[in-house]
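Working through the structure, step by step
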Amino acid sequence: MQTGMHLDREHCVRAVQSKDARFDGWFFTAVLTTRIYCRPSCPAVPPKPENMTFHPSAAACQQAGFRACKRCRPDTSPGSPEWNRRADLVARAMRLIADGVVDREGVPGLAARLGYSTRQVERQLLAELGAGPLALARAQRAQTARLLIETTPLPMSQIAFAAGFSSIRTFNDTVREVFALTPGELRARLPKNPATTAPATPGALSLRLPLRAPLNPDNLFGHLAATAVPGVEEWRDGAYRRTLQLPYGHGIVALAPRPDHIACRLTLSDLRDLTVAISRCRRLLDLDADPVAVDDQLRTDPLLAPLVDKAPGRRVPRTVDAAEFAVRAVLGQQVSTAAARTHAARLVTAHGKPLDDPEGGLTHLFPSPQALAAVDPETLAMPRTRRTTFTTLVEQLADGRLHLGAESDWSEARARLLALPGFGPWTVEVIAMRALGDPDAFLPTDLGIRRAAQELGLPSTPAALTARAAAWRPWRAYAVQYLWATDSHPINFLPA
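Presented here is a report on the structure given in the accompanying data block. (Residues numbered from 1 in each chain as written. Predicted model: local features only at pLDDT ≥ 70, side-chain atom pairs only at ≥ 80, totals over all residues. Heavy atoms only, no water.)

**Remarks on the sheet that holds strand β5 (residues 204–209)**
Strand order in the open sheet formed by five strands is β5-β9-β8-β7-β6, and the pairing between neighbours is antiparallel. Both edges of this open sheet fall to β5 and β6 (233–236), since each of them pairs with a single strand only. Neighbour-to-neighbour, the strand axes of this sheet turn through a mean angle of 20 degrees, independent of strand direction. Two strands pair when backbone bridges link them, and strand β7 (residues 239–245) and strand β8 (residues 250–257) are joined in this way by six bridges, in the antiparallel orientation. (Pairing = 2+ DSSP bridges. Helix = DSSP H or I, 4+ residues; strand = E, 2+ residues; numbered from the N terminus. Axes fitted to C-alpha atoms, helices over the stretch in contact; angles between N-to-C directions.)

**Some points on the pattern of salt bridges**
All told, the structure shown has 39 salt bridges when counted by the stated rule. For Arg85, the salt bridge identified is with Glu82, shortest N-O distance 3.0 Å. Residue Arg85 and its partner Glu82 are located together in helix α3 (residues 82–85), separated by three residues, close to a single helical turn. In this structure Glu82 comes out as buried when scored by relative accessible area, which is 3%. With its nearest N and O atoms 3.7 Å apart, the salt bridge here joins Arg113 to Glu407. Of the two residues, Arg113 is situated in helix α5 (residues 101–114) and Glu407 in the loop between α19 (384–399) and α20 (410–418); the sequence distance between them amounts to 294 residues. The exposure class assigned to Glu407 is buried, which follows from its relative accessible area of 14%. Each member of the salt-bridge network shares a partner with another, and the members are Glu82, Arg85, Arg86, Asp88 and Glu128. (Salt bridge = Lys/Arg side-chain N within 4 Å of Asp/Glu carboxyl O. Buried < 20%, exposed > 50% of the residue type's maximum accessible area, 1.4 Å probe, protein only.)

**Thoughts on the sheet that holds strand β2 (residues 36–38)**
Strand order in the open sheet made by the four strands is β3-β1-β2-β4, with mixed pairing throughout. For this open sheet the edge positions go to β3 (52–55) and β4 (67–68), each flanked by a neighbour on one side alone. Note: strand β1 (residues 28–31) against β2, three bridges, orientation antiparallel. Among the inter-strand pairings, Val31 is bridged to a residue of β2, identified as Ile36. On top of the sheet, helix α1 (residues 9–17) reaches β1 and β3; it is set at about 105 degrees to β3, its chief contact. (Contact = heavy atoms within 4.5 Å.)

**A look at the nonpolar core**
Counting residues in hydrophobic clusters, the biggest one holds 62 residues, and the most contacted among them are Leu298, Phe390, Leu404, Ile431 and Trp472. With sequence-adjacent residues up to four places away left out, Leu298 is seen in contact with Leu304, Ala305, Val308, Trp472, Trp475, Tyr478, Ala479 and Tyr482. In this structure, Phe165, Val175, Tyr240 and Leu268 belong to the second largest nonpolar core, which totals 50 residues. (Core = buried A, V, L, I, M, F, W, Y, C linked by side-chain atoms within 4.5 Å.)

**What about the side chain of Thr392?**
Considering the arrangement of structural elements, one finds Thr392 in helix α19. A polar contact is formed between the side chain of Thr392 and the backbone oxygen of Thr388, at a distance of 2.7 Å. Not counting chain neighbours up to four residues away, the residues in contact with Thr392 comprise Leu420 and Pro421. (Polar contact = N/O pair within 3.5 Å; in protein donor to acceptor, adjacent residues only side chain to side chain.)

**Comments concerning the side chain of Asp270**
With respect to the element layout, Asp270 can be found in the loop between β9 (262–268) and α13 (274–284). Among the polar contacts listed, one links the side chain of Asp270 to the side chain of Arg272, at a separation of 2.8 Å.

Laid out in structure tokens, this is it:
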């Protein structure tokens, strides 16, 4: 699987004929006779090959005049893994579009964040995805609108603006064009079950987050639960719950693993944040990964193969807020998991914004860099050198000198982090892996990795292990998860 897969016609035809769900999101099949586009795994009888044409995005299909299939709902397929394994202009732009930047700041805002001209951004997106940033954002708005229509009893006028449309007329026209149904007809197709349209908590939405199988939830949810900061995160009733700071307000999300999807329950103070919240939850759980490609590569090492075969589909637990994770990485330097949680909890209680959680024990948002930059260093219960590391980091995050987010160039971010006092390779790489989302981040100096390497017969010195790990590229961050899983630490087990 690779960039431009839609150009490999023979490969695409075989995927459609075998209804292979692994390719959902990699490309879309448009049927010339019906003017409908589908995901490769559509349950309908496959069209004749001569009637198929292939596109790299749902937006490209819509631009070409095709409507979304009502059976396979291609607009809700998992996102392409390309945007989470690359750090070039197109991948960074796609991550920002998923985060709602075009809706909030327009194409000029998108280009400014990327450091390119609007013309260059539009040209590269069009060349690779068959659609420009406005069309890609429009496709995302249509998907958000459908979600709200089908999961809430909200009036259509509220849904239109919550989904990011500038007018009700544009909302109506777009929904009709993309789905070949009016908003009212979409809602009328739902089963007449009040429980599905009237959530018990006002503003709460229950969603299914699609994924590519297999998914091993043990280390993913185990890591999030074991490192949860009290007041901001918790494990409750079989779900990982946490607070979210979002562009228009705040939210609370509950995420629970299911055999073929992630059950997601969102409570938002402003529904305009729905698209952003979903995007950040998907990134947190690494749901757009291609586990088959990852595991196939790692299996080529005979010492890793048994670990992969035992529990395939491990994901990299990431974050909903890169700046928050960077702060927590500093708090966790050279201390235990429990001590790191205690340090973070103190900061949250003293400087986080309080909120109400009627369904659980969440009490605060994690404090922003601006709030932390105002903290008196003498009040921090940590060694003086780490205080300097902490204050330097939050000051640079607060004033914009350091950017950690969807738009980050991974190499540049690493260089800027390494230039800060107290930032060594381990801290930089763990931030690259979990906050920036680099799938090739690697931690050869990590104690758990070195212990696992010694146990498996891998080289145990950082230099020799790094040389051996060259064969695992570009998926070394996933190799880290398999190596960590050889230990009995709570991060490796799904909580009871």
